Each structure stands twice: as C-alpha cells, then as structure tokens.
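Summary of the model geometry
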Amino acid sequence: MRLGLKRVPLGLTIVTTLCITKAVGSVELSVSREGGNKSSSLLYGIMFEEMDHSGDGGIHGQLLQNNGFQGSSLGMTAYAPVGTVEIFQDTDHPVSDAITSSLGVSVPENATEYVGFANTGYSGIPTVNATYNSSFWMMGNYSGTINLQLVGSHSGIVYADHNITVDSTDANFTQIKTTFNSSMSPDGENEWHLTFDGSKVAGSSLNFGYIQLFPPTYNDRENGLREDLATVLEKVKFNFLRFPGGNNIEGLQIDTRWKWNTTIGPLVDRPGRDSDWFYPNTDALGLDEYLWWCEDMKMTPLLAVWSGKSYGGIVSGSDLHPFVEDIMNELEYLFGNTSTKFGKMRAQNGRTEPWKIEYIEIGNEDDLTGGCDTYPDRFNQIYTAIHDQYPNITLVASNGDYSCLPAPLPEGVIIDLHLYRSPNDFVALFDQFDNQPRSQPVMVGEYGCRNTSDAEGTYWSFMQGSCSEAVYMIGMERNSDIVKMAAYAPMLEHFGLIAWSPTLYGFNSTPGSMTLSTSYFVQKMFASNKGDMVLPVNSSADFGPLYWVATKTDSQYYVKLANYGPMDQDITISILDTSSGSLEMLAGAQSQGNKPYQLEVEPVTTKVHSENGTYSVKMDPWAVAVLAVT
C-alpha cells in the first residue's frame, strides 16, 4: 500500500448507485467433472504489517503501551502516578543496551502509603475472566511487597489484586515475573497498577523497566499472540502469511528500516524503532514470532527482505553489497545448522530445527516512491545471492511493472500486484488474468476495496465493496494456475488508533469488541471452500451481474457465486453424481456493513439435497455464496 494515504486522497469516488442494463433472469450452470486447470494450493492468504496497532496493542498479546520507552515520539504516553509520587523517564538508568531508559518513581520523604504508577495500555486494557502473566525489571533498594492491580480508570473497581514479595537492590536491574487472575470488566477503561510500600522508599526512588502484561496467548506461546484475535483469524484457514510488510519493512529512513537482527532474541535486547505508520514499533512481534505464528496456523511463510529502498533514500550498485550480505546472514539464521554463526543464534533463541521458508519477496512496491529506475539492479543483486545459495526458494519481485523489472525476468520469479480499488473498478478487473501468459506466475500481494474520496476518514467494509472483492477473487480463482497467491490487506485495526481503513476485522479494549467485517466473511467463505482443480462451467448467460467459479477436490465440489447487482438472481446448478452438501450465503443491503459493536451482516448456512445433482439457488442482491456438495 502507499504510505501516507492518511494524508493524501486516493481520488476514488463513492458509488451510490449501479445501473444494470442487462435483463435479469434465471441462470443455468452446468459444472463439468473433468478438464480445467490445476489451482494453486496457496491461493488465499493474508498480509500483515505493523499498522493501525495491529501488532503492538493488537494481535501481539502484550497489553501495556510504551512499556520500554522505545522510539522517539511517545515520551510518558500511557503512564500516570499512583499516590503522591513523581514519575519520569530516566535515561540515566537504562534497563539494557537496547532498552535505554526506565521509569523513575521518586517518593517524598513523608510517604506512608502504597504508591507507584499506572499504565493505561492502548486506549485502555481489556480485562476479562482469565489468568494474566505480568513481568517487569526493577532496580533500587526495596525488600517487601509489590502490589499489582487491574483497576477501572474511572470506576475505581478492582478486577485483579495480587501481591508478590521482591528483594531488589540498586546494583542492577532484576526481572520479576508473576501470574494472577482477573474478573471481567464491562468496558475497556481499565489500567494496570504497580504499587509498593512508600514508607520503605521515602525520600528515595525506585526504577522500573520493560513492564509487560499478557492475557492468555494463542497456543500458550510465551510472548505470543492474543488468543481471541488469533483464533478468529485461524478460522479463515488462510494458506500463507506475507510479512513483515508492506511499507513497514522499508523505513522512513534507511536506518529505520525493519532489521531482522533487532527483532530476535530476548525482548529486553530489542530496541524497537520508529515505524512508517506514525508510532514506534517494539518489535516484540519479531522474526521468530512471525514464523511460530505461521507454523501454529499451518500457513506458508512469505518473507519480505529489504531491497535497498526506504522513503528517505535508496541504496543501489556497490553500496547495496553490505545489505545483501545482511540478507544472507538472515537466511543463515533461518536455515543454517547449529554449527554456523547465525544458525547457532537461532538455536539459542529457542528454535533448533531450521525454519521452512519457500517464498521470499525482494522489497515492497519498488515501482513507487522513486524505486523504479534502480530496482532491476537491486533485484538482480539480491536474486543472484539468494538463488545461488538457495536455488529451491521461489523469489517474488515486488511489483508488476515491467519497466521497473529486469529484462528478462528470471524464470519462475513471481510478480506482485497491489490493488486498492473502488467497487466498480474491482468488477471491471474480473477478467484481468484471462489472457495473461500462462508462463508468468503472479501474486496479488495486497488487495482490498477502498471506496472513499476523503483521506482523513475512517471507513468500514460494506456489501457492495465486499461483493466486488468476491467478483475479483472469482476472477483470480478461475486463473489460479498462474495467480499463485492473493493476500487481502490490511488485516486488523484497533478502533480509534487507525491510519488506514478498512481492514479485515477490528477491536478495541472493551471485552467483546472484536467486529468481523463483511470482507472477513468473504475471505473465510472462499479460503475454506476451495478445490485443487478449476472446472469448466457451461452457462446460459454471460458473466455479470452474476459471477461464478467451480472447483473440486476428489468428490467434493465447490461453486462460488457473487451477485453484483440490485436484483435477485435465480440460479440452477447441475453437478452430476452429487447429492448433498451446504449453501453458505452472505447478503445485505448495498451499503450495509459491520461497524464496531454492530454485527449486522454475517453468512447463513443451509443444508442442500438433490436426487439428480441439480440445485436451485436464489441469490439476494449484493450477495456472495458458496455451494459445497459431495
């Protein structure tokens, strides 16, 4: 995606009506049992980059904001004193070489009560009936009780109250870890408190650093994903994850690019960085965490490596050589045995076996922001280095503009297209891949309907837009012999902390706030119902306003349908030697969608049965459906 679209209008216009000039009638579809093309097993995936607090404060489980004072913009954000104390960011007492400051808590001489500090999280802290893990680093002379609480910011209601005994000195920082149980808050207006006996520190101070709070995590991973936000993503059954971006790999400056080696190892040794999306990244969700995520959800990793382009500069020619070497060090970390320098480092970080990565993308959107002229040179340098040592890895070029690509492009390289379009524009691209050369594999590395003319607004998916995505996806699936991968983007947003919208789903700190978009349901319907062979379909009508594709795996048949129009469609589908299955349909008014706390549109599934393999489907306007029969 183009960075800065928060500020720069896209020039897309809001579609309020659609004229259908073609007469609407019944459509008959007859699905062949033979012929067709083999479909890519990786077709439907997701792109993740740290934006909209989708990682920090989002799917990464850690709930306390600014917990390590990383980046240059937050200052004392999210901190507040508890009791009569002075709190301040203390650069004289760094926790580590990477975490270069800590929180100083200065206690007045006459203190007699418990005092300390609060962290208000990312616009509050989700507080539920669960066991939380918490940790912090501490330095200063104190032996006694530390009290941890989860407290309503305005109500003062205490949802969790936990004491631990510590023995701290002023010689060095030590880490304290504990767990505690909480009850549920009705809202997200909560904060985490750490307090101690002020009388024992009166006239002095203590330092605290790299504080953490985790709810239950997906697959019980340490430093893992939030269980609720990850589980709903797992249900889609995506085949691959493209990471770490996206714009966020590039950096606003060369030195603030995503650096693999600063995202691995102990969290206290990860410095974080100023990101491309207007807030700092902690990089607690780092290279290994992405790969555990892929492994846990059975997704194929698609790793992007930095190709020499940032928003503040471009490195090419011989100046790129050190960065190519850095890529090769990263690959040794991923694939090397434990006798190698970086393979040994991977094992020390908890992964003895090499990671399995079959796809690597070279850069991101190198046809944009001045990258076109130098990309052929930069691509060739990186391609040659990787391909010579790892010939079985499939390489992806970061754009599909042939004027920005090497000529000739090495055989087997996938080109990457990014499309954010208005609904009608997506539908107009339905046949985009019908007449493409079958020798050139394609990835649609980012796509999503953005139907807005106001760059400063926040927008939600709606049925016409999601239906247009379904039409485009049907076009991709019909051509999934060459369209190898397609990643909806962006993935996730924290409501109220948004730089780009819409996304697949969103949430805030209130329990039960997670809201699935109409596009989420389209992705789930398509990704969960796909065969390995695309079948020919004989039809009584041309495409539009009804669109379809049929696939099969063994004796299981899938027919995907999209009705991009304001009229009902009566469809008769014939699939010989099938008898039963299900029909899942998502339908709503043209502009209807799901907004925070308002799940108005979701699929309805019904069972179907046929004596002769013929099924009748009545589709509402602006509807998407999947018929799955055996």
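Only a predicted model underlies this, so the values are computations on that prediction, with no experimental measurement involved.

Check the secondary structure of the protein and you find nine helices and 36 strands. For 630 residues, the compact-globule formula gives about 25 Å, and the C-alpha radius of gyration of the protein, at 26 Å, lands near that figure. Based on the C-alpha atoms only, the size of the protein along its principal axes is roughly 85 × 60 × 45 Å. Carbon and sulfur atoms make up 47% of the accessible area of the protein, which totals about 24,100 Å². For the protein, the centre of its 37 positive side-chain charges and the centre of its 72 negative side-chain charges are spaced 6 Å apart.

Under the criterion given, the structure shown has one disulfide. Each sulfur of the disulfide joining cysteine 372 and cysteine 404 lies 2.0 Å from the other. Handedness of the cysteine 372-cysteine 404 disulfide follows from its S-S torsion of about -100°: it is left-handed. Within this pair, whereas cysteine 372 is found in the loop between β20 (359–362) and α6 (375–389), its partner cysteine 404 is found in the loop between β21 (394–397) and β22 (414–421), the two being separated by 32 residues in sequence.

Taken N-terminus to C-terminus, the directions of helix α4 (residues 321–335) and helix α5 (residues 341–348) make an angle of 50°; their axes are 7 Å apart at the nearest point. Of the possible angle classes, the one that applies to α4 and α5 is oblique. The interaxial crossing formed by α4 with α5 has right-handed handedness. Between α4 and α5, the residues in contact are Asn329, Glu332, Tyr333, Leu334 and Phe335 and Lys341, Phe342, Gly343, Met345 and Arg346, respectively. For the contact of α4 with α5, the class distribution of residues is five nonpolar, two polar and three charged.

Attention shifts here to unusual backbone geometry. In this structure, the amide linkage connecting phenylalanine 243 to the following residue, proline 244, adopts the cis form with an omega of 0°. Topologically, proline 244 is positioned in the loop between β14 (240–243) and β15 (273–274). Residue glycine 245 is joined to glycine 246 through a cis peptide bond whose omega torsion reads 15°. By the element assignment, glycine 246 lies in the loop between β14 and β15. In this structure, aspartate 52 takes a positive phi of about 55° despite not being glycine. For aspartate 52, the position within the fold is in the loop between β3 (44–47) and α1 (55–59).

Here we come to the nonpolar core. Ranked by internal contacts, the top residues of the largest apolar core, which has 103 residues, are Ile59, Leu287, Trp293, Leu334 and Tyr505. When residues no more than four places from it in sequence are discounted, the contact partners of tyrosine 505 are Ile59, Leu229, Val232, Leu233, Met491, Leu492, Glu493, Met514, Thr515, Leu516 and Ser517. If you look at the next biggest cluster of nonpolar residues, it comprises 34 residues, including Leu63, Phe69, Tyr132 and Leu150.

Below, the discussion takes up α5. All of the buried residues in α5 are Phe342, Gly343 and Arg346. For α5, the buried positions fall inside an angular range of 105° around the axis, keeping them on one side. In α5, the exposed positions angled more than 90 degrees off the buried face are occupied by Lys341 and Gln348. Summarising the contacts, the buried residues of α5 are in contact with α4. Just downstream of α5 lies glycine 350, where phi reads positive at about 105°.

A few words now on the sheet that holds strand β11 (residues 174–182). If you trace the five strands from one edge of the open sheet to the other, you get β5-β6-β13-β8-β11, paired in antiparallel fashion. Here the strands that pair on one side only, and so sit at the sheet edges, are β5 (86–90) and β11. In this sheet, neighbouring strand axes are inclined to one another by 30° on average, regardless of whether the strands run parallel or antiparallel. Inspection of the sheet shows strand β6 (residues 102–106) paired to strand β13 (residues 205–214) by four bridges, in the antiparallel sense. Residue pairing in the sheet places valine 105 in a bridge with leucine 206 of β13.

Another point: the packing of aromatic side chains. Following the criterion strictly, the structure yields 35 aromatic pairs and no others. Centroid distance phenylalanine 69 to tyrosine 79: 5.1 Å. Interplanar angle 20°. Geometry classified as stacked. Pair noted here: phenylalanine 69 is in the loop between α1 and β4 (79–82) and tyrosine 79 is in strand β4, with a separation of 10 residues, a long-range link. Across the pair, exposure class does not vary: phenylalanine 69 and tyrosine 79 are buried alike.

With that settled, consider the sheet that holds strand β17 (residues 300–305). Two orientations exist for strands paired in a sheet by backbone hydrogen bonds: parallel and antiparallel. Around the barrel, which closes on itself, the eight strands sit in the order β3-β14-β17-β20-β21-β22-β23-β24 with parallel pairing between neighbours. Averaged over neighbouring strand pairs, the angle between their axes works out to 25° when direction is ignored. For β20 and β21, the ladder comprises four bridges, and the chain directions are parallel. Residue pairing across strands places glutamate 361 opposite valine 396, the latter belonging to β21. Sitting on the sheet, helix α8 (residues 463–478) is in contact with β3, β22, β23 (442–449) and β24 (483–488), with an inclination near 165° to β23.

Looking at the protein, the pLDDT average stands at 94 and 95% of residues meet or exceed 70. Scored below 50 in pLDDT, residues 2–23 shows 58 contacts in the model against residues more than four places distant or in partner chains.

Turning our eyes to something else, we now look at the side chain of asparagine 399. Within the secondary structure, asparagine 399 sits in the loop between β21 and β22. Leaving out residues up to four positions away in the same chain, asparagine 399 has contacts with Asp366, Asp367, Tyr375, Cys404, Leu405, Ile415 and Asp416.

Given 3.6 residues per helical turn, the α-helix brings residues three or four places apart onto the same face. Taking 1.5 Å per residue as the helical rise, α6 with its 15 residues ought to reach 21 Å, and the 21 Å between its terminal C-alpha atoms agrees with that figure. Every buried residue belonging to α6 is among Tyr375, Pro376, Arg378, Phe379, Gln381, Ile382, Tyr383 and Ile386, and all of these are buried. Structurally, α6 contributes buried residues whose contacts are with β17, β18 (309–310), β19 (313–314), α4, β20 and β21.

Another aspect to go through is the environment of glutamate 191. Take glutamate 191: it is sitting in strand β12 (residues 190–197). Take glutamate 191: its relative accessible area is 14%, and that puts it in the buried class. For the pair formed by glutamate 191 and leucine 150, sequence separation is 41 residues and the distance between their alpha carbons is 5.7 Å. Excluding its chain neighbours within four sequence positions, the residues that come into contact with glutamate 191 are Ala118, Asn119, Thr120, Ile125, Gln149, Leu150, Val151 and Ser153. Polar side-chain contacts of glutamate 191 include one of 2.8 Å to the side chain of serine 153.

Taken as a whole, this structure holds 18 salt bridges when the rule is applied. Across the pair arginine 242 and glutamate 361 runs a salt bridge whose closest N-O atoms are separated by 2.9 Å. On the criterion of sequence distance, the pair formed by arginine 242 in strand β14 and glutamate 361 in strand β20 is long-range, its members being 119 residues apart. Residues arginine 242 and glutamate 361 agree in their burial class; the two are buried. Each of Arg242, Glu361, Asp416 and Glu446 takes part in a single network of salt bridges with overlapping partners.

What counts and what doesn't
- Throughout, a residue's number is its position along its own chain's written sequence, starting from 1.
- In view of the model being predicted, local features appear only for residues whose pLDDT reaches at least 70, and side-chain atom pairs are presented and counted only at 80 or more, with totals across whole chains, interfaces and linings using the full set of residues.
- Computation of side-chain values covers all heavy atoms of the structure but excludes hydrogens and water.
- A helix here means a DSSP run of H or I that spans at least four residues, while a strand means a run of E at least two residues long, and both kinds are numbered starting from the N terminus.
- The size measure is the radius of gyration over C-alpha atoms, and the globule rule it meets is 2.2 Å times the number of residues to the 0.38 power.
- Note on areas: these come from Shrake-Rupley sampling with a 1.4 Å probe, and a residue is covered only by the protein chains present in the view.
- Positive charges come from Lys and Arg alone, negative charges from Asp and Glu alone, with His and the N- and C-terminal ends not counted.
- To locate a charge, the coordinates of NZ of Lys, CZ of Arg, CG of Asp or CD of Glu are taken.
- The disulfide criterion is simple: two cysteine sulfur atoms within 2.5 Å.
- All axes are obtained by fitting lines to C-alpha atoms, using only the stretch in contact for helices, and the reported angles, taken between N-to-C directions, cover 0 to 180 degrees.
- Any angle that falls under 35 degrees is termed roughly parallel, while one over 145 is termed roughly antiparallel, one within 65 to 115 roughly perpendicular, and all others oblique.
- For a crossing to be left-handed, the near helix must be turned anticlockwise from the far one by less than a right angle; the clockwise case is right-handed.
- Any two residues whose heavy atoms approach within 4.5 Å at even a single point are treated as in contact.
- In this classification, Asp, Glu, Lys and Arg are treated as charged, Ala, Val, Leu, Ile, Met, Phe, Trp, Tyr, Cys and Pro as nonpolar, and every other residue, Gly included, as polar.
- To qualify as a nonpolar core, a set must consist of buried Ala, Val, Leu, Ile, Met, Phe, Trp, Tyr and Cys residues joined through side-chain atoms within 4.5 Å.
- Throughout this description, buried means an accessible area under 20% of the type-specific maximum (1.4 Å probe, protein chains only), exposed means over 50%, and partly exposed covers the range between.
- Here the arc refers to the set of directions running from the helix axis out to each C-beta atom.
- Strand pairing is assigned whenever DSSP detects at least two bridges linking the two strands.
- Paired rings are identified among Phe, Tyr and Trp, the last through its six-membered ring, by centres lying within 6.5 Å, and are further divided according to the angle between planes into stacked (under 30 degrees), edge-to-face (over 60) and tilted (the rest).
- For every residue, the predictor reports its confidence as pLDDT, a number between 0 and 100.
- A helix is expected to reach a length of 1.5 Å times the quantity of its residues less one.
- Think of a polar contact as two N or O atoms within 3.5 Å of one another; within protein, one of them needs to be a possible hydrogen donor and the other a possible acceptor, and neighboring residues in sequence only count if both atoms come from side chains.
- Any Lys or Arg side-chain nitrogen found within 4 Å of a carboxyl oxygen on Asp or Glu counts as a salt bridge.

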